[in-house]
Amino acid sequence: MLRSFAPAVVAGLVAIAVSLSELLTTLYPRTAFLLLRRSRALYVYAAAYGLIALVVGLLLDRFTASGTIQLEGFGLSSPWIRAVAVGLTVKAFLHLRLFNVSVGSQSVPVGLETLVQLFEPALLRTILLDEFTAVRAFTTARAREYPSLDAVKARAKAEIPPTLPSQERAAFANDIDRATGVIEVMEHSLRFLGRTNLDRVFPAKP
Amino acid sequence: MPVYSHLTHTLGAAGGPSTILLKVLQDYDRQLPLDFVAMILGRTRSEIEQEVEGLERQGVAKRLGHEVTLVR
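### Considering the overall build of chain A
- For chain A, the helix and strand inventory stands at 10 helices and 2 strands.
- Of the regular secondary structure in chain A, the N- to C-terminal order runs α-α-α-α-β-β-α-α-α-α-α-α.
- Computed over its C-alpha atoms, the radius of gyration of chain A comes to 23 Å, more than 25% above the 17 Å expected for a compact globule of 206 residues.
- Considering only C-alpha atoms, chain A reaches an extent of 70 × 45 × 30 Å along its principal axes.
- Burial analysis of chain A (206 residues in total) assigns 34% to the buried set.
- Considering only intrachain contacts with a sequence separation of at least 6, the fraction spanning at least 24 residues in chain A is 69%.

### Let's talk about the overall build of chain B
- A tally of helices and strands in chain B yields 4 helices and 3 strands.
- Classification of the 72 residues of chain B by burial places 33% in the buried group.
- Nonlocal contacts in chain B, meaning residues at least 24 apart in sequence, comprise 49% of its contacts between residues at least 6 apart.

### What to know about helix α6 (residues 120-143) of chain A
- A rise of 1.5 Å per residue sets the reference length of α6(A), with its 24 residues, at 34 Å; its end C-alpha atoms lie 34 Å apart and thus fit the reference within 8%.
- Where α6(A) is concerned, the buried positions are A:L124, A:I127, A:L128, A:E131, A:V135, A:T139, A:R142 and A:A143.

### Comments concerning helix α4 (residues 45-57) of chain B
All names here are of chain B.
- With 13 residues, α4 ought to run about 18 Å at 1.5 Å a step, and its terminal C-alpha atoms sit 18 Å apart, in line with that.
- Taken together, the buried positions of α4 are I48, E51, V52, G54 and L55. All buried residues of α4 fall inside an arc of 160° around its axis, so they share one side.

### What to know about the sheet that holds strand β3 (residues 67-70) of chain B
All names here are of chain B.
- Spatial ordering of the open sheet is given by β1-β3-β2, a layout of 3 strands whose pairing is antiparallel. Edge strands, defined here as strands with exactly one partner in the open sheet, are β1 (32-33) and β2 (61-64).
- Packing against the sheet, helix α2 (residues 17-28) makes contact with β1, β2 and β3, and its axis sits at approximately 80° to β3.

### Quick word on the nonpolar core
Residues and elements named next belong to chain A.
- Within the largest apolar cluster, 62 residues are counted, with the highest numbers of intra-cluster contacts made by A11, A15, Y49, A53, V90 and M186.
- Taken together, domain 1 (2-99 + 111-123) and domain 2 (144-206) each give at least three residues to this core, which thus spans both.
- Those residues in contact with A15 that sit more than four places away from it in its chain are Y49, G50, A53, G87, V90 and K91.

### A look at unusual backbone geometry
- Positive phi values are uncommon outside glycine, yet B:D29 reaches one of about 55°.
- Note on B:D29: 9 C-beta atoms within 10 Å, which makes it exposed.

### Examining the environment of A:H95
- Tracing the backbone shows A:H95 in the loop between α4 (79-94) and β1 (97-103).
- Along the chain, A:H95 and A:V56 lie 39 residues apart, while their C-alpha atoms are 15 Å from each other.

### A word on the environment of B:E49
Residue and element names in this part refer to chain B.
- Counting through the fold element by element, E49 comes out in helix α4.
- Note on E49: 16 C-beta atoms within 10 Å, which makes it partly exposed.
- Placed 18 residues apart in sequence, E49 and E67 show a C-alpha to C-alpha distance of 9.9 Å.

### Some remarks on the pairing of β3(B)
Residues and elements named next belong to chain B.
- Two strands pair when backbone bridges link them, and β1 and β3 are joined in this way by 2 bridges, in the antiparallel orientation. Residue pairing for β3: L32 is matched across the bridge by V68.
- In this structure, β2 lies alongside β3, joined through 4 bridges in antiparallel fashion. Residue pairing for β3: L64 is matched across the bridge by E67.
- What sits between the antiparallel neighbours β2 and β3 is a turn of 2 residues, in which G65 has the positive phi angle 65°.

### Considerations on the confidence of the model for chain A
- Here chain A averages 90 in pLDDT, while 98% of its residues score no lower than 70.
- Within chain A, strand β2 (residues 106-111) of chain A has the poorest average pLDDT of any element, 78, and helix α7 (residues 149-158) of chain A the best, 96.

### Examining the packing of helix α8 (residues 166-178) of chain A against α2(B)
- Two elements in contact, α8(A) and α2(B), have axes whose closest approach is 7 Å; the angle formed by their N-to-C orientations is 150°. Residues A:Q167, A:E168, A:A171, A:F172, A:N174 and A:D175 of α8(A) form the contact with α2(B), whose own contacting residues are B:P17, B:S18, B:T19 and B:L22.
- By residue class, the composition of the contact of α8(A) with α2(B) is 4 nonpolar, 4 polar and 2 charged.

Thresholds, definitions, all that
- Residues numbered from 1 in each chain as written.
- Chains lettered and ligands numbered in written order.
- Predicted model: local features only at pLDDT ≥ 70, side-chain atom pairs only at ≥ 80, totals over all residues.
- Helix = DSSP H or I, 4+ residues; strand = E, 2+ residues; numbered from the N terminus.
- Rg over C-alpha atoms; globule rule 2.2 N^0.38 Å.
- Buried ≥ 20, exposed ≤ 12 C-beta atoms within 10 Å, placed from the backbone.
- Contact = placed C-beta atoms within 7 Å.
- Expected span 1.5 Å × (residues − 1).
- Arc of directions from axis to C-beta.
- Pairing = 2+ DSSP bridges.
- Axes fitted to C-alpha atoms, helices over the stretch in contact; angles between N-to-C directions.
- Core = buried A, V, L, I, M, F, W, Y, C linked by C-beta atoms within 7 Å.
- Domains from an automatic or database assignment.
- pLDDT = per-residue confidence, 0-100.
- Nonpolar A, V, L, I, M, F, W, Y, C, P; charged D, E, K, R; others polar.

Have a look at this one:
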């Protein structure tokens, strides 16, 4: 029992690491430090994929042991390699869909992704809101130290890294021009340039 | 809009509206209808038009009737 359970646990841990890092690096690359501290939904999201990978790992081990299915490929005869492969691929595998069913304006995927639809959209929405709340709290505290909107806008635009592509610099400058408050400028700066640059341009005052 | 809600989510934390609009134009890399951009970003067309005007002033994007494209 333990011999099949330990690799499944490894599959779960790999899936947790993969789903967590994929979400943070693709959607919240510059505000991940806030989410990691404040969002319980983020960990539930990762744990859900970990749990599914664990179950898949157990089933795979049982079916390969009984000869029901055969896996062929480099290293796949080892349960540990299989576990790592399950952990790395389970998220992509779960997003397979056979077709979509349209109900009014809603489109419901049918396939393995139907399972994902039970938990992922709600968790992603919660994570999005957690990120907003965390960013707003962080920038509100910093904005109190810089009361002049015009001065903040001028400094934010003057400190855009010249090494960035010109189109990105121009779009960011436009966002700053159109901002109506210091908090908004700080939020744009944090999301676009990250914490290190925000601290450099608008350092926290002692 | 629900069909594209994953895109709205993806772009939700990417930055300000102009930065997000630029990202959409870069990702699709083609002329896009304003209504389509408004739909995938979950904004009204007039909001998108305002952002396009801002990007036009910066020389980043160009409006062509009911469509918008990047300036090369």
